[in-house]
Amino acid sequence: MAASTLITVAPTGAETAKSDFPQLPTTLEELVETAVACQEAGAGLIHVHIRDAEHEPTLDATRLRDTVQALREQTDLVVQLSTGGSVHDPLESRLQVLDAEPDSCSLTCGTTNFGDNVFLNPYPFMSQLYRQAQEREVVPEFELFDLGHVHALRRLIDEHGLPHGGKVHVDFVTNVPGGMPGTIEALVAGIQALPDEVTSWSATGIGRAHLPIAAAALAAGGHLRVGMEDNLMLARGQQVQHNSELVSRVADLATLMQRPPMSTEDARALLGVKERRQR
Ligand code: KMH
Ligand code: ZN
């Protein structure tokens, strides 16, 4: 079991409207402020979705580059760009996310019903994204929304080999309406099915599953993802005001469980990310 815990923060996502949640970080300034505070609270990696001037989800190339640069200059967090985007983003635009040269990118291992929408990830797209990530030395985080996605990960590794850096990190995204439920049984089934090549795993639970899945992941030796992309409530009737609250809460839990938050340097080593900081 890992001696310390990688805490990923997913602060924004593509699903929540700024008008509904003004505290959601949507501008570059808000995102950088959030990242700094979350690193201070114990995060090692930031999973980034960006918004445009109207606070709508975007994959604009210039904004993505500026975001990566600002986060890299002002924090030591591993910067992971979402290639999932929003359910409305075309596959071609999602591939172009890698042009922004992040440390890491998400790579979802299959198509999923996503509420009333479909989050599209056909195998040829996954395969192309994986090969591009290898060529550009960007470390993928394999997002697993369902047990079938674990099987697809097996196929990707068999056909294309290991990611840049040689590490295989996966993240179970549980409780998406249409994906695996946010239960211990589903999480354990996923863990048991992981290919031997997997070197680390984390988990998150959407909505109400947030805290139970965090506790289960810690107990099972995994790492954690939290953030307003996944969960907007701290407790019944109590909205999250800042992503750092969610990071602090699990940092305390991890410390209590004798697996304190991992430093950003250890996070880089765990994931095998390429050094791109210029200092
Ligand atoms: N916004 C979801 C449709 C990812 O970032 O790679 C997809 C998502 C996964 O959030
Ligand atoms: Zn995401």
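Quick note: structure is the one above.
Keep in mind the model is a prediction, meaning the values are calculated, not measured.

So, the overall build of the protein chain
The secondary structure content of the protein chain amounts to nine helices and 14 strands. Its C-alpha atoms give the protein chain a radius of gyration of 17 Å, within 12% of the compact-globule value 19 Å for 279 residues. In terms of its C-alpha atoms, the protein chain occupies a principal-axis envelope of roughly 45 × 45 × 40 Å. Residue pairs in contact within the protein chain that sit at least 24 positions apart in sequence constitute 73% of those at least 6 positions apart. Accessible surface, the protein chain as shown: approximately 11,600 Å² in total, 51% of it carbon and sulfur. Across the protein chain, 21 positive and 37 negative side-chain charges occur, with their mean positions spaced 3 Å apart.

Overview of helix H7 (residues 210-219)
Among the residues of H7, those classed as buried are His210, Ile213, Ala214, Ala216, Ala217 and Leu218. Against strand E10 (169-174), helix H6 (184-193), strand E11 (200-205), strand E12 (223-226) and helix H8 (243-256) lie the buried residues of H7.

Notes on the packing of helix H1 (residues 28-41) against H8
Contact geometry for H1 and H8: axes closest at 9 Å, N-to-C directions at 10 degrees. Here H1 is positioned roughly parallel relative to H8, judged by the angle of their axes. Of the two possible hands of crossing, H1 and H8 adopt the one that is right-handed. In this structure, H1 uses Thr34, Ala37, Cys38 and Ala41 to contact H8, whose residues at the interface are Asn243, Ser244, Val247, Ser248 and Ala251.

A look at the coordination of the zinc ion (ligand 2)
With distances of 2.1 Å, the protein atoms coordinating the zinc ion (ligand 2) are His47 (NE2), His49 (NE2) and Glu229 (OE). All donor residues of the zinc ion (ligand 2) come from one chain, and their arrangement in sequence is H-x1-H-x179-E. Here glutamate 229 lies in the loop between E12 and strand E13 (233-235) and histidine 49 lies in the loop between strand E2 (45-48) and strand E3 (50-51), a separation of 180 residues in the sequence.

Conventions we followed
- Residues numbered from 1 in each chain as written.
- Chains lettered and ligands numbered in written order.
- Predicted model: local features only at pLDDT ≥ 70, side-chain atom pairs only at ≥ 80, totals over all residues.
- Heavy atoms only, no water.
- Helix = DSSP H or I, 4+ residues; strand = E, 2+ residues; numbered from the N terminus.
- Rg over C-alpha atoms; globule rule 2.2 N^0.38 Å.
- Contact = heavy atoms within 4.5 Å.
- Areas by Shrake-Rupley, 256 points an atom, 1.4 Å probe, with all protein chains shown as cover.
- Lys, Arg positive; Asp, Glu negative; His and termini not counted.
- Charge placed at Lys NZ, Arg CZ, Asp CG, Glu CD.
- Buried < 20%, exposed > 50% of the residue type's maximum accessible area, 1.4 Å probe, protein only.
- Axes fitted to C-alpha atoms, helices over the stretch in contact; angles between N-to-C directions.
- Parallel < 35°, antiparallel > 145°, perpendicular 65-115°, else oblique.
- Left-handed = near helix turned anticlockwise from the far one by under 90°.
- Donors = N, O, S within 2.8 Å, 3.2 Å for Na, K, Ca; no water.

Note that every value here comes from positions in space, so none of it alone points to a role or purpose.
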